[in-house]
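What follows is the residue order along each chain.
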Amino acid sequence: MSPETTAPRSLAEALRARDDASLSTLLRSRPDLITPVPTDLTQLATRAGTRASVVRALERLDRFALQTAEALAVASEPATYDELLGLLAGDDRDPAVTAAFPHALGTLREQALVWGGDDRLRLVRTARELLAPSPQHPSPTGLGQTVAEAAAGMSPGRIQEIVAAAGLASTHDSVSAVASLGALFTDRRRMSALLDEAPAEAVQVLSRLVWGPPYGQVTAEPAAHLRWLIDRGLLLPTGPGTVVLPREVALHLRAGRAHRVTEPVAPAVEAASTHRPQVVDAAAAGQAYTTLATVEELLKDWHEGGPAVLRAGGLSVRDLKRTAVALDVSEPIAAFWVELAHAAGLVASDGETEERYAATPAYDEWLERPAAERWTRLASAWLAATRTAGLVGGRDAKDRTLSALGPGLDRSAAPEVRHRVLALLAALPEGATPAKDSLLARLAWERPPRERPAPDDLRARLAGWTLSEAELLGVTGRGALSAQGRALLGLPAADTPAPEAPGPGARLPAHRRHHPAPTPAPVPHSPAERAAAADRAARLLAPLLPEPLDHVLLQADLTAVAPGPLKRPLADTLGVLADVESKGGATVYRFTPGSVRRALDAGRSASDLQAFLTTHSRTPVPQPLAYLIDDVARRHGHLRIGAASAYVRCDDDAVLGEILADKRSQGFGLRRLAPTVLAAQTDPASLLAGLRSMGFAPAAESAEGDVLITRAHAHRTPPRTAPAPVPDGPPVPDATLLGAAVRAIRAGDLASTAPRKEDPADGRTGGELPRTSSAETLATMQAAVMTGEAVWIGYVNAEGSASQRVIAPIRVEGGFVTAYDHTADEVRTYPLHRVTGVAELADDQP
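Residues numbered from 1 in each chain as written. Predicted model: local features only at pLDDT ≥ 70, side-chain atom pairs only at ≥ 80, totals over all residues. Heavy atoms only, no water.

Section: the overall build of the protein chain
Quick note on the threshold: Counting from the N terminus, the helices are the DSSP runs of H or I reaching at least four residues and the strands are the DSSP runs of E reaching at least two. Throughout this description, buried means an accessible area under 20% of the type-specific maximum (1.4 Å probe, protein chains only), exposed means over 50%, and partly exposed covers the range between. It only takes one pair of heavy atoms within 4.5 Å for two residues to be counted as in contact.
Helix and strand counts for the protein chain stand at 34 helices and 25 strands. The buried share among the 846 residues of the protein chain stands at 46%. Residue pairs in contact within the protein chain that sit at least 24 positions apart in sequence constitute 66% of those at least 6 positions apart.

In structure tokens, the structure reads:
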């Protein structure tokens, strides 16, 4: 008999009537049901009705599907298709609601939140408890208790008085009296006639309660218009001084609607402005280049070891401010760049005793990649990251400040929101910038917040951060999704038509009306798909990025202008020889005595620096710059620092006398050992830095008297992996796991529901494992091998867990039985001593 004509008596029976494709859809949409795999359909139904699973499923419904579930929670149980539709579409049968209703009901059935045929619709009990109105937990519908619920504690005499006042015939018992009152309130014609007699003040009271909250306060001696309502049961007492507007009365006043505003159609995302696609892509590419430059600058700032790690983890407020100043950005944006580098695995803690943040070895590998590939790595890490930089500076549940790189920043919903926001941008015309309010309204419809209004809705905040971060990163340009951003999401090009999902009014086949396919939504790609998407995005971005230059323009004011990005060797050398004075479309470097000395300390000679500038400058080397280099080089190493604790030697004793006479040298504990030698009470490194701060240009020397060449020490952490995203519940199972799970559930259900031959002599009930002696077990197994029939066994594994299985024995020998196990869908071998007993299946069991 087909599922269409069989009325299931439970959710388990409804699931049993589904085909494998429908079960796979259920497990894919509610992956918590498959962790671990249920043993049979009864256990699957039980798990689908648990509070945690139902709450999670309800949170993932769109607004109209949730309104459908809320309406079913206030309908009679079981409800009919037409009754539920009437609660949503009202007496006038709103055409938009009528068109969208089959899809919403199909979604609830698909999610196993609703079961039963169109004539007996039932909401899962846990969902009904969560959504049904009660004084403690008001429903979003604003409806109150039914007449039967409100009158449950009333005396029979009082009920009869209400029935008589309402113009109904008296009955012999309270149950029939309440039923007749409920029938009156649900009869549109008779209710209209009753309300026509109501005083005007009474009608005003009803209008104030009709959309909720349905409860009101009355005194011991209510006014006449209130007494008129109470006497006729239009207001029923729920406690001392409290009355409720019965649900049936409210629905009549609402013209049958369960909700004041029913939202069957998702609000459209509107375009605020439109730009040419070429302008959008160019703007996004420019910001992508800025992203690469900023991350490099951040890591260069932390080249020799970055800020210390707080005891509780993360950056201190002071270090974040210092980083923001170094990057010339605000602190929230600095937190975003720091978190982005961390998400991409380029920054981590070094794990030393005095823990500090530093670049990882992956950073060096990342630097060697082409610019477009470096960007896709950053953008892909941002898309998948659950760490949320926008939370930095806020407070956690214990009122502690959330710090960058610290704990407490993971929000598992962040990747899904980012993908969804960008997908909605992709659905707009090419080059269109969305109106933020309409975008937030669409997201709120797709995943309505549990508590409304919700000014601190996390998804809305995540959406706002996504828009700003995507612009910073270069995924969008001027607010519109760029071509490289579209490719990174794995979406087709803007000029490629995408298949459209069925609209809410589409007529679906019978089986799809019960289990329709969900509206396509962005889901995480497999690693291969993500790699292919990143490669395509890199190919689109590469032509838009500026080509690195191999030259600068030297100027007479001791500056060099880089008219664009520089090739890495040139940029690295120039970064040592000069200080960055300003950034922008062109970077300005300034040469100073300190920067030239830094280059000499790194092992360069004056002639090397002159040759370098001559080679890479499109203008002649200005005479002031040549003089500066020669002057610093002439004085470089004139003083020598060694370890005595430390000493200073110089062939010019007048220079040593000048040092001794300077008050700033008193802290070094200097004394003259010889006309050309001073001894110090401090270490060589401190003495070297101190004399440089006084304006001298000393050089360090070894024990042999050779000048020591000092280069910047690149501090790296041990190999580190990028932080793993915190999943939002169990991962969505792939097709292979779904297929195996459905087969296992079907097989387990076969074992648990297969009809058995009952032997009244053993006293065993249907739910117990079979119990037979060893001889009986062996004889039955051998007989099954000869006949080829399946049998039902009880089995206890090595851990002591008991289970029941349906097997078809193939061979019995050596104390083992080899059989095809229908429960596991494979051939297995079982020790006979672990078989508790065996029973034959019923004759009509295939």
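Here's the deal with the nonpolar core
Note that soluble globular proteins tend to have their nonpolar side chains buried in a common cluster. Going by this rule: Side-chain atoms within 4.5 Å are what join buried Ala, Val, Leu, Ile, Met, Phe, Trp, Tyr and Cys residues into a set we call a nonpolar core.
Counting 90 residues, the largest nonpolar core has Leu27, Leu234 and Leu235 as the members making the most contacts within it. A per-element tally of this core places helix H5 (residues 63-74) first, with eight residues. Sequence-distant contacts of Leu27, defined by excluding residues within four places in its chain, comprise Leu33, Ile34, Leu44, Pro733, Leu738, Ala741, Val742 and Ile745.

Focus on the sheet that holds strand S3 (residues 215-217)
Put simply, the rule reads: DSSP-based pairing: two strands are paired if at least 2 bridges between them are found. To obtain an axis, a line is fitted to C-alpha atoms, over the contacting stretch when the element is a helix, and the angle between two such axes runs from 0 to 180 degrees between their N-to-C directions.
Taken in spatial order, the three strands line up as S3-S5-S4 in an open sheet, and their pairing is antiparallel. Among the strands making up the open sheet, the edge pair consists of S3 and strand S4 (236-239). Each strand axis lies, on average, 40° off the axis of its neighbour in the sheet, ignoring direction. Where S3 lies against strand S5 (residues 242-244), three bridges are found, and the strand directions are antiparallel. Note on S5: the bridge partner recorded for Gly216 is Val243.

Digging into the environment of Ala372
Examined against the element boundaries, Ala372 turns out to sit in helix H20 (residues 371-384). Judged by relative accessible area, Ala372 falls into the buried class, the value being 6%. Distance from Ala372 to Leu545, taken between C-alpha atoms, is 7.8 Å for residues 173 residues apart in sequence. Leaving out residues up to four positions away in the same chain, Ala372 has contacts with Ala538, Leu541, Ala542 and Leu545.

Brief notes about the sheet that holds strand S15 (residues 587-590)
Strand order in the open sheet formed by four strands is S12-S13-S15-S14, and the pairing between neighbours is antiparallel. Of all the strands in the sheet, just strand S12 (553-555) and strand S14 (579-582) have a single pairing partner and so form its edges. Within the sheet, the average angular offset between the axes of one strand and its neighbour, ignoring direction, is 30°. With four bridges connecting them, strand S13 (residues 559-562) and S15 associate as antiparallel partners. Bridge pairing in S15 links Val561 to Val588.

A short note on unusual backbone geometry
Residue Thr35 is joined to Pro36 through a cis peptide bond whose omega torsion reads -5°. Locating Pro36 in the fold gives a position in the loop between helix H2 (20-29) and helix H3 (41-48). The omega torsion of the bond from Glu77 to Pro78 falls at -5°, within 30 degrees of zero and hence cis. Relative to the helices and strands, Pro78 resides in the loop between H5 and helix H6 (81-89). Backbone geometry at Ala255 places phi at a positive 60°, although glycine is not the residue there.

Section: helix H28 (residues 593-601)
Among all positions in H28, only Ser595, Val596, Arg597, Ala599, Leu600 and Asp601 are buried. Lining the buried residues of H28 we find helix H27 (568-577), S14, S15, helix H29 (606-616), helix H30 (623-635) and helix H32 (684-693). Looking one or two residues past H28, Gly603 carries a phi angle of roughly 105°, positive in sign.

Re the pattern of salt bridges
Filter applied, for reference: The working definition used for a salt bridge is a side-chain nitrogen of Lys or Arg within 4 Å of a carboxyl oxygen of Asp or Glu.
If you walk through the whole model with that rule in mind, you get 31 salt bridges. Here Arg9 makes a salt bridge to Glu13, at a shortest N to O gap of 2.8 Å. Here the salt bridges do not stand alone but share partners, grouping Arg158, Glu161, Arg227 and Asp231 into one network.

Thoughts on the pairing of strand S25 (residues 835-840)
Burial analysis of S25 places five of its six residues in the buried class, the great majority of the element. Relative to S25, strand S21 (residues 791-796) is paired through five bridges, and the arrangement is antiparallel. When the bridges of S25 are listed, Gly794 appears paired with Gly837.

Side note on the pairing of strand S23 (residues 816-821)
Alignment of strand S22 (residues 802-813) against S23, held across six bridges, turns out to be antiparallel. Within S23, the position partnered with Ala808 by the bridge is Tyr820. Hairpin connection of S22 to S23: two residues between the antiparallel strands, including Gly814 at a positive phi of 60°. Sheet topology places S23 next to strand S24 (residues 826-831); six bridges connect them, and they run antiparallel.

Overview of the packing of aromatic side chains
As a reminder, the rule being used: Pairing of aromatic rings covers Phe, Tyr and Trp, the last through its six-membered ring, and needs centres within 6.5 Å; plane angles under 30 degrees mean stacked, over 60 mean edge-to-face, and all others mean tilted. A ring is scored as having a charge over it whenever the NZ atom of a lysine or the CZ atom of an arginine sits within 6 Å of its centre and within 35 degrees of its normal.
If you walk through the whole model with that rule in mind, you get five aromatic pairs. When the centroid spacing of 4.9 Å and the interplanar angle of 75° are considered together, the rings of Tyr81 and Phe101 count as edge-to-face. With Tyr81 in helix H6 and Phe101 in helix H7 (residues 95-110), the pair connects residues that are 20 residues apart, well separated along the chain. In this structure Phe101 comes out as buried when scored by relative accessible area, which is 0%. Plain terms: the ring middles of Tyr795 and Tyr830 are 4.8 Å apart, the flat faces sit at 65° to each other, and that makes the pair edge-to-face. Of this pair, Tyr795 sits in strand S21 while Tyr830 is found in strand S24, placing the two residues 35 residues apart along the sequence. Taking NZ or CZ as reference, Arg374 lies 5.4 Å from the ring centre of Trp366, over its face.

Things to note about the confidence of the model for the protein chain
Rules: A residue's pLDDT is simply how confident the predictor is in it, with values from 0 to 100.
Considering every residue of the protein chain, the mean pLDDT works out to 85; 89% of them sit at 70 or more. Of the regions scoring below 50 in pLDDT, residues 1-5 engages in four contacts with residues more than four places distant in sequence or in other chains. When the criterion is pLDDT under 50, residues 497-524 qualifies, and its contacts beyond four places in sequence or with other chains add up to 36 contacts.

Brief notes about empty space enclosed by the protein
Where empty space is left in the structure can be found by rolling a water-sized probe over the atoms. To keep things clear, this is the line we draw: Here a cavity means grid points, on a 1 Å grid over the protein atoms only, where a 1.4 Å probe fits yet cannot get out; a pocket means an open set of points with protein on both sides within 12 Å along at least five of seven lines; lining residues are those with an atom within 4 Å of a point. Grid points are joined across faces, edges and corners, and a volume is the space filled by probe spheres set on the points.
Counted according to the given criterion, the structure contains six cavities of 30 Å³ or more. In this model, the largest cavity occupies a volume close to 100 Å³. Phe336, Glu339, Leu340, Ala343, Trp382, Ala385, Arg387, Thr388, Ala389, Arg418 and Glu469 are the residues that line the largest cavity.

Examining the side chain of Glu70
To be explicit about the condition: Here a polar contact means two N or O atoms within 3.5 Å. Within protein one must be a hydrogen donor candidate and the other an acceptor candidate, and residues neighboring in sequence count only if both atoms are side-chain atoms.
If you trace the backbone, Glu70 turns up in helix H5. By relative accessible area, Glu70 is classed as buried at 3%. Of note is the side chain of Glu70, whose polar atom sits 2.8 Å from the side chain of His259.

Here's the deal with the environment of Ser412
Note that Ser412 resides in the loop between H20 and helix H21 (414-427). Along the primary structure Ser412 and Pro727 are separated by 315 residues, whereas in three dimensions their C-alpha atoms are 5.5 Å apart. Not counting the four nearest positions on each side in its chain, Ser412 is found in contact with Thr386, Val726, Pro727 and Asp728.

With respect to H29
Selection rule: The arc in question is the one spanned by the directions pointing from the helix axis to the C-beta atoms.
Three or more residues of H29 are buried, namely Ala606, Leu609, Gln610, Phe612 and Leu613. Along the long axis of H29, the arc covered by the buried residues comes to 160°, so they all point the same way. Within H29, the exposed residues directed more than 90 degrees away from the buried face are Thr614 and Thr615. Next to the buried residues of H29 lie S12, H27, H28 and H30.

Thoughts on the packing of helix H11 (residues 174-186) against helix H12 (residues 188-196)
Heads up, the condition is: For classification purposes, angles smaller than 35 degrees are called roughly parallel, those larger than 145 roughly antiparallel, those between 65 and 115 roughly perpendicular, and all remaining angles oblique. Ten residues, namely Ala, Val, Leu, Ile, Met, Phe, Trp, Tyr, Cys and Pro, are considered nonpolar, four, namely Asp, Glu, Lys and Arg, are considered charged, and the remaining ones, Gly among them, are considered polar.
Contact geometry for H11 and H12: axes closest at 5 Å, N-to-C directions at 85°. Overall, the two elements H11 and H12 adopt an arrangement that is roughly perpendicular. Across the interface between the two elements, Ala183, Leu184, Phe185 and Thr186 of H11 pack against Arg188, Arg190, Met191 and Leu194 of H12. Classifying every residue of the contact of H11 with H12 gives five nonpolar, one polar and two charged.

Thoughts on the environment of Gly431
Structurally, Gly431 can be placed in the loop between H21 and strand S9 (432-434). When its relative accessible area of 5% is taken as the criterion, Gly431 is described as buried. Sequence separation between Gly431 and Thr274 is 157 residues; the distance between their C-alpha atoms is 5.4 Å. If we skip the residues at most four places from it in the chain, Gly431 touches Ser273, Thr274, His275, Val280 and Ala480.

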